[in-house]
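If you want the building blocks of each chain, they are given just below.
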Amino acid sequence: MGDLLAAQAGDIFRIGLLVMLLLTTLRNRPITGMLLPLAAGALFVAVIIPMTGTSPRPEPVMQQVLAGLLVNAAYIALGLGAWSLWTARR
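All figures in this text were calculated on a predicted structure; none of them were measured in a lab.

> What should I look at first to understand the overall build of the chain in this one?
Within the chain, the secondary structure is distributed over four helices and zero strands. Listing the helices and strands of the chain from first to last along the sequence gives α-α-α-α. Oriented by its inertia axes, the alpha-carbon framework of the chain measures out at about 45 × 25 × 15 Å. Residues classed as buried in the chain amount to 27% of the 90 residues present. Sequence-distant contacts in the chain: of pairs separated by 6 or more residues, those separated by 24 or more amount to 71%. Element-wise, carbon and sulfur atoms account for 73% of the exposed surface of the chain, whose accessible area totals about 6,000 Å².

> Honestly, helix H4 (residues 61–89) in this entry has me stumped. Any pointers?
In an α-helix, one full turn covers 3.6 residues, which means residues spaced three or four apart are oriented alike. With 29 residues, H4 extends 42 Å between its outermost C-alpha atoms, agreeing within 8% with the 42 Å of an ideal straight helix rising 1.5 Å per residue. Among the residues of H4, Gln64, Val65, Ala67, Gly68, Val71, Asn72, Ile76 and Gly79 are the ones counted as buried. The inward-facing, buried residues of H4 contact helix H1 (2–9), helix H2 (12–32) and helix H3 (35–52).

> Would you mind showing me how to read H2 here?
Where H2 bends most, at Leu26, the angle is about 45 degrees, and the proline Pro30 comes one to four residues later. Within the sequence span of H2, burial applies to Arg14, Leu18, Leu21, Leu22, Thr25 and Leu26. Those residues of H2 hidden inside the fold are in contact with H1, H3 and H4. N-cap assignment for H2: the residue whose side-chain oxygen lies 3.3 Å from the backbone N of Phe13 is Asp11. Two residues or fewer after H2 comes Gly33, characterised by a positive phi angle close to 85 degrees.

Rules behind the numbers
- Residues numbered from 1 in each chain as written.
- Predicted model: local features only at pLDDT ≥ 70, side-chain atom pairs only at ≥ 80, totals over all residues.
- Heavy atoms only, no water.
- Helix = DSSP H or I, 4+ residues; strand = E, 2+ residues; numbered from the N terminus.
- Buried < 20%, exposed > 50% of the residue type's maximum accessible area, 1.4 Å probe, protein only.
- Contact = heavy atoms within 4.5 Å.
- Areas by Shrake-Rupley, 256 points an atom, 1.4 Å probe, with all protein chains shown as cover.
- Expected span 1.5 Å × (residues − 1).
- Bend = angle between axes of the 7 residues up to and from the residue.
- Polar contact = N/O pair within 3.5 Å; in protein donor to acceptor, adjacent residues only side chain to side chain.

Encoded structure:
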């Protein structure tokens, strides 16, 4: 499981999708809020990458999706923390 988490944490495509998700959510938060768009986006990224990946992993798809959700949650938490520090600095 650790190998799977490390592989997904280093996936540059996942990182790019999550950065864009976070920026879009922050920009649209007065209209859409924060929780539902972030949760839906994190789930989408966790599912879409194993389903369309070109390098098949030996783990079952459901295990890849659950590991992806953990990695996505960690990256979103880091992004929100960085954003909070940036806005508090101003």
